[in-house]
Each structure stands twice: as C-alpha cells, then as structure tokens.
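An overview of the molecular structure
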Amino acid sequence: MKIGLIIHTRTGHTWSVAETLCQALQEQGHDATLERIEAVDDAAARPEQVSFKACPDIRPYDALIFGAPVRGFNINPVIQAYLSQLPSADAKPAACFVTMHLKRPWMGGNRALARMGGICQDKGLKVRGQAIVSWSSPQRDQQIEHGVSLIKALFVSQGQP
Ligand SMILES: Cc1cc2nc3c(=O)[nH]c(=O)nc-3n(C[C@H](O)[C@H](O)[C@H](O)COP(=O)(O)O)c2cc1C
C-alpha cells in the first residue's frame, strides 16, 4: 500500500515520531513516504493567514497519515489550513497524530485531534485511528511506541503494496 505521512513540524518532535512510524510501515511491507508541509510563516495566528512553501499532494497515496504539533490548546493553524485546502479524497483510509508539550491530552491534544479528524472526514477520508505524544511526559517513549503500534496496525489488513 502506498502511504503518505504528511507532517507539519517546527522543532522536529513530530517529524521524529513520523520517521519511526514510516520505518515501521516500511518494515510491514508498505511503500511509505514522509513529506513535510512548509508554511511561509510557521507562526501565523490563523489558518486564513497561512500560505505554503511546500504543500504535499495526497493524490498519489492509497492512505494518509497526518501529524502536527498542538498550538494554543487547539489544532495548529498550519495543519488546519493544509487539511482545509485538500481536494475530496475518495474514502481513502487515514490516521492522525499530534505531539504536544504538556502531559495531559485534554491540554490541547484531544481538541487538536478532534479538529484534524473532523476536517479529514469532511474531505471524504476515513479516519481509522489517532494518537497523542506528550513531549514532557516521563512516558514519552512508551507513548511513541504505543502510537506507532496503533497506527501501523490500522493498515495491516490492507496487505502488501
Ligand atoms: C506557539 C506555541 C503554542 C503551543 N501550545 C501548546 C499547547 O497548547 N499545548 C501543548 O501541550 N503544547 C503546546 N506547544 C508545544 C508544542 O505542541 C510541542 O512542543 C510539539 O511537540 C512541537 O512539535 P514540533 O517539534 O514537531 O514542532 C506549543 C508550542 C508553541 C510554539
């Protein structure tokens, strides 16, 4: 299966989780590719203010995984702008994950994932699973392992590429 991992990251946390996930999917036999969303201004306050230097195309992929950092207890405006401009996606399977600094999922992670999943569904994507990694948590490594296992398991039944 051709899987695109489409990632927004500022300081590299989300990217590092995506690298681990990408490798796990490749070991599972998938043709998995990491792509980075790049905004002209990563700190744009609202999605309407975001313009892109790099805006990955989802059309080549059979399945999508979106990852981004939490911002201001909510969805990050860069991933919000990116997801909002996607074309209709023909019921492709998808998963989302976020990284955050604070330890509790309700401090932005849950809300960010709910918004990301909602926009994906509006685009026709079938969101199968979600994961949160808290960077300051003593359980960070276990959360990464859990998130990677959970997401890669979503694509097991899809067979080999
Ligand atoms: C402007 C700003 C706002 C943030 N807001 C939150 C927040 O509400 N909750 C949280 O847990 N982390 C928050 N963070 C921390 C990031 O979500 C966290 O460090 C994330 O792992 C960074 O991912 P990255 O390295 O891929 O950019 C914020 C960071 C920035 C720069």
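Residues numbered from 1 in each chain as written. Predicted model: local features only at pLDDT ≥ 70, side-chain atom pairs only at ≥ 80, totals over all residues. Heavy atoms only, no water.

1. So, the overall build of the chain
When helices and strands are tallied, the chain shows 4 helices and 7 strands. Starting at the N terminus and ending at the C terminus, the chain contains elements arranged as β-α-β-β-β-β-α-β-α-β-α. In terms of C-alpha radius of gyration, the chain reaches 14 Å, essentially the compact-globule figure of 15 Å for 161 residues. Overall, the C-alpha framework of the chain stretches about 40 × 40 × 25 Å when taken along its three principal axes. Going through the 161 residues of the chain one by one, you find that 48% of them count as buried. Put simply, 74% of the contacts in the chain that link residues at least 6 apart link residues at least 24 apart. With an accessible surface of roughly 7,700 Å², the chain has 48% of that area assigned to carbon and sulfur atoms. Counting 17 positive and 14 negative side-chain charges, the chain places the centres of these two groups 7 Å from one another. (Helix = DSSP H or I, 4+ residues; strand = E, 2+ residues; numbered from the N terminus. Rg over C-alpha atoms; globule rule 2.2 N^0.38 Å. Buried < 20%, exposed > 50% of the residue type's maximum accessible area, 1.4 Å probe, protein only. Contact = heavy atoms within 4.5 Å. Areas by Shrake-Rupley, 256 points an atom, 1.4 Å probe, with all protein chains shown as cover. Lys, Arg positive; Asp, Glu negative; His and termini not counted. Charge placed at Lys NZ, Arg CZ, Asp CG, Glu CD.)

2. Looking at the site of the ligand
For the ligand, the set of nearby residues contains 16 residues, the closest of which are Thr9, Arg10, Thr11, Thr14 and Phe73. Gly72 is positioned such that a nitrogen or oxygen atom in its backbone is 2.9 Å from a nitrogen atom of the ligand. Take His101: an N or O atom from its main chain is 3.0 Å from an oxygen atom of the ligand. Compared with its free state, where it exposes 650 Å², the ligand has 76% of that area covered by protein. Residue assignment for the shell around the ligand shows that the elements contributing at least two residues are α1 (13-27) and β6 (93-100). Class assignment for the residues of the shell around the ligand results in 6 nonpolar, 8 polar and 2 charged. (Near = heavy atom within 4 Å. Polar contact = N/O pair within 3.5 Å; in protein donor to acceptor, adjacent residues only side chain to side chain. Nonpolar A, V, L, I, M, F, W, Y, C, P; charged D, E, K, R; others polar.)

3. Re the side chain of Ser134
Along the chain, Ser134 falls in strand β7 (residues 126-134). Residues in contact with Ser134, not counting those within four places in the same chain, are Met100, His101, Leu102, Lys103, Arg140 and Gln143.

4. Comments concerning the pattern of salt bridges
In this structure the tally under the stated criterion is 3 salt bridges. With its nearest N and O atoms 3.7 Å apart, the salt bridge here joins Asp31 to Lys2. With Asp31 in strand β2 (residues 31-36) and Lys2 in strand β1 (residues 2-7), this pair connects stretches of sequence that are 29 residues apart. What makes Asp31 partly exposed here is its relative accessible area of 37%. Residue classification places Lys2 among the partly exposed positions, given a relative accessible area of 29%. Its salt-bridge partner being Glu48, residue Arg46 comes within 3.0 Å of it at the nearest N-O pair. For Glu48, a relative accessible area of 59% gives the class exposed. (Salt bridge = Lys/Arg side-chain N within 4 Å of Asp/Glu carboxyl O.)

5. Some thoughts on the packing of aromatic side chains
Applying the stated rule across the entire model yields 2 aromatic pairs. Here the aromatic rings of Phe52 and Tyr82 are separated by 6.2 Å at their centres, their planes lie at 85°, and the arrangement is edge-to-face. Remark: Tyr82 occurs in helix α2 (residues 77-84) and Phe52 occurs in strand β4 (residues 52-54); sequence separation between them is 30 residues. A residue is classified by how much of its surface remains accessible, and Tyr82, at 0% relative accessible area, is buried. (Phe/Tyr/Trp six-rings, centres within 6.5 Å; stacked < 30°, edge-to-face > 60°.)

6. Examining the pairing of β7
Where β6 and β7 come together, 8 bridges link them in parallel fashion. Paired with Thr99 across the bridge in β7 is Val133. (Pairing = 2+ DSSP bridges.)

7. Remarks on the nonpolar core
Within the largest apolar cluster, 29 residues are counted, with the highest numbers of intra-cluster contacts made by Leu64, Phe66, Ile79, Tyr82, Leu83 and Met116. Those elements that provide at least two residues to this core are β5 (63-69), α2, β6 and α3 (109-122). Excluding residues that lie within four positions of it along the chain, Met116 makes contacts with Phe66, Gly67, Ala68, Ile75, Ile79, Leu83, Cys96, Phe97 and Val98. Core analysis: the next-biggest nonpolar cluster, separate from the first, contains 23 residues, Met1, Val17, Leu21 and Ala131 among them. (Core = buried A, V, L, I, M, F, W, Y, C linked by side-chain atoms within 4.5 Å.)

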